[in-house]
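Examination of the molecular architecture
The lines below spell out each chain.
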Amino acid sequence: MQRVKERIRYLFINQAFRQWLYPRGIRDLPSEVMEREEDRMLREQYFDKIPGFRMDGDGVELRLESLTAIGRMLGKTNYELAEIFKGIHPRRILEHFGPDVLYLIRNNLGIFHEEMIGDILRQSGIDPSFLGVAHETVHKFEEENYTSDIVRATYELMCRFDRVVSSIELRCILAASTRRTDLECYSLKTVNSTNNSFGYGPEVALKFDNGDIAKYSLNLDGSIGFLLLYKDKPTAITAFHPSIKRKKLIILQMQGVTPIITDGYNSMPRPKELERVTSPKGLFNLDWKKALVEICAEIARRIGFEEVGILRAEKNKWIEPNSRGETALLIERARRIYDETAERMGFTAPGTDGILLKRVAELTLSKSSSSHFPLHVQDRIEHPESVQSSLELS
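Residues numbered from 1 in each chain as written. Predicted model: local features only at pLDDT ≥ 70, side-chain atom pairs only at ≥ 80, totals over all residues. Heavy atoms only, no water.

1. Concerning the packing of helix α11 (residues 288-302) against helix α12 (residues 331-344)
- Between α11 and α12, the shortest axis-to-axis distance is 10 Å and the interhelical angle comes to 60 degrees. Judged by the angle between their axes, α11 and α12 are oblique. Of the two possible hands of crossing, α11 and α12 adopt the one that is right-handed. Within the contact between the two elements, α11 uses Trp288, Lys289, Lys290 and Val293 and α12 uses Arg333, Arg336, Ile337, Thr341 and Arg344. (Axes fitted to C-alpha atoms, helices over the stretch in contact; angles between N-to-C directions. Helix = DSSP H or I, 4+ residues; strand = E, 2+ residues; numbered from the N terminus. Parallel < 35°, antiparallel > 145°, perpendicular 65-115°, else oblique. Left-handed = near helix turned anticlockwise from the far one by under 90°. Contact = heavy atoms within 4.5 Å.)

This is the structure in structure tokens:
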């Protein structure tokens, strides 16, 4: 990767001349001495401080955290960093530097074709959509841990999340939160910021057998979560952030889902002909907030996490007024959903990050629902350094 080496060196030489090379008159030295002296000074001043970065001879070792560190050091955008790889086939970038670097530079269409990069990732057995969610999750919630190892461990979790959730014995968990006798009508469906099974957007239409249209307003506050379904229809939505590094599953959203029933045509609703607003029938006589927390605790248990967290109401983004001074979620309602639920379930007071915590081992669940996921899966999630592959109603 001689071209990569030369371009990285050139980026830092420009910076270095402004800071310390030019004032020292190094340009007056013989060229071979100047280059040797530049390399020594670049290494001492910059290269040795870049995580996951190494340049020996023509070889270059470069990781996601290397690029982000270079960007911060030099004030470069992702587009400018992508210029380092200009003219190099994406497959070679993948082979030499890994999927995380390739994904980071994917959308600089003046240099790379996103469709080609997606095809190359898929051919290598990597789901570009899940890889994107992993990048989004780690960068948004744990920017200090935005490294190849954490992104890949999050990606592995995304790929296995369906299996983890489908293995949960939901009836055992719900039975502790209700006296209802129709628990067989409930099910779980995983959701993330890439799948559109229910059209996660601000609005989605779902047609009933009687011809009515149910219009849902769904927002996923995290990049991963699940729907609690009642008779195959959404009744509550939960989103969370899986903190791989800290082994914590942080609940960001617990929300009832209420459809607005309309008549319509071609499976699309007519907003001007709204007939009635219905309540989520699956939440009647169900301590649904407690149940959602315990489902999250069971997910955390099965992937080897040690703690479950609940983001306090005051940190919820929906309590902030919009440009018209309107709030989607009243602070009193948010406190009932998040703070009071956490308090009665024994979560501890938060730190400065506003997260209430409780150890998974202290959350009592039915023994029949707490069988662990296969050990080798937990190992890959617990030890990210070993991972190398692959709606408004609250």
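2. What to know about the pairing of strand β8 (residues 248-256)
- Across the nine residues of β8, nine count as buried, placing the element largely inside the fold.
- With eight bridges connecting them, strand β7 (residues 233-243) and β8 associate as antiparallel partners. By the bridge assignment for β8, isoleucine 237 is matched with glutamine 255.
- Counted along the chain from β7 to the antiparallel partner β8, the turn is four residues long, and its residue lysine 247 has a positive phi close to 55 degrees.
- Here β8 pairs with strand β11 (residues 307-311) via four bridges, running parallel. Bridge assignment links isoleucine 251 to a residue of β11, and that residue is isoleucine 310. (Buried < 20%, exposed > 50% of the residue type's maximum accessible area, 1.4 Å probe, protein only. Pairing = 2+ DSSP bridges.)

3. A short note on the sheet that holds β7
- In space, the six strands of this open sheet follow the order β3-β6-β7-β8-β11-β12, with mixed pairing throughout. Two strands lie at the open edges of the sheet, namely β3 (186-192) and β12 (355-359), each paired on one side alone. The mean angle between the axes of side-by-side strands here comes to 30 degrees, regardless of whether they run parallel or antiparallel.
- The sheet contact formed by β3 and strand β6 (residues 224-230) spans seven bridges and is antiparallel.

4. Here we look at the pattern of salt bridges
- Taken as a whole and judged by the stated rule, the model has 16 salt bridges.
- Note that arginine 152 is salt-bridged to aspartate 100, the shortest N-O span being 2.4 Å. Of this pair, arginine 152 sits in helix α9 (residues 148-166) while aspartate 100 sits in helix α6 (residues 99-104), placing them 52 residues apart in sequence. Here arginine 152 matches aspartate 100 in class, with each residue buried.
- When the shortest N-O distance is used, the salt bridge between glutamate 294 and lysine 290 registers 3.2 Å. (Salt bridge = Lys/Arg side-chain N within 4 Å of Asp/Glu carboxyl O.)

5. Let's talk about the nonpolar core
- By size, the foremost hydrophobic cluster in this structure holds 97 residues, and its most contacted members are Phe85 and Ile299.
- Those residues in contact with isoleucine 299 that sit more than four places away from it in its chain are Phe161, Val164, Val165, Ile168, Phe226, Phe240 and Leu249.
- In this structure, Val191, Leu220, Leu227 and Leu229 belong to the second largest nonpolar core, which totals eight residues. (Core = buried A, V, L, I, M, F, W, Y, C linked by side-chain atoms within 4.5 Å.)

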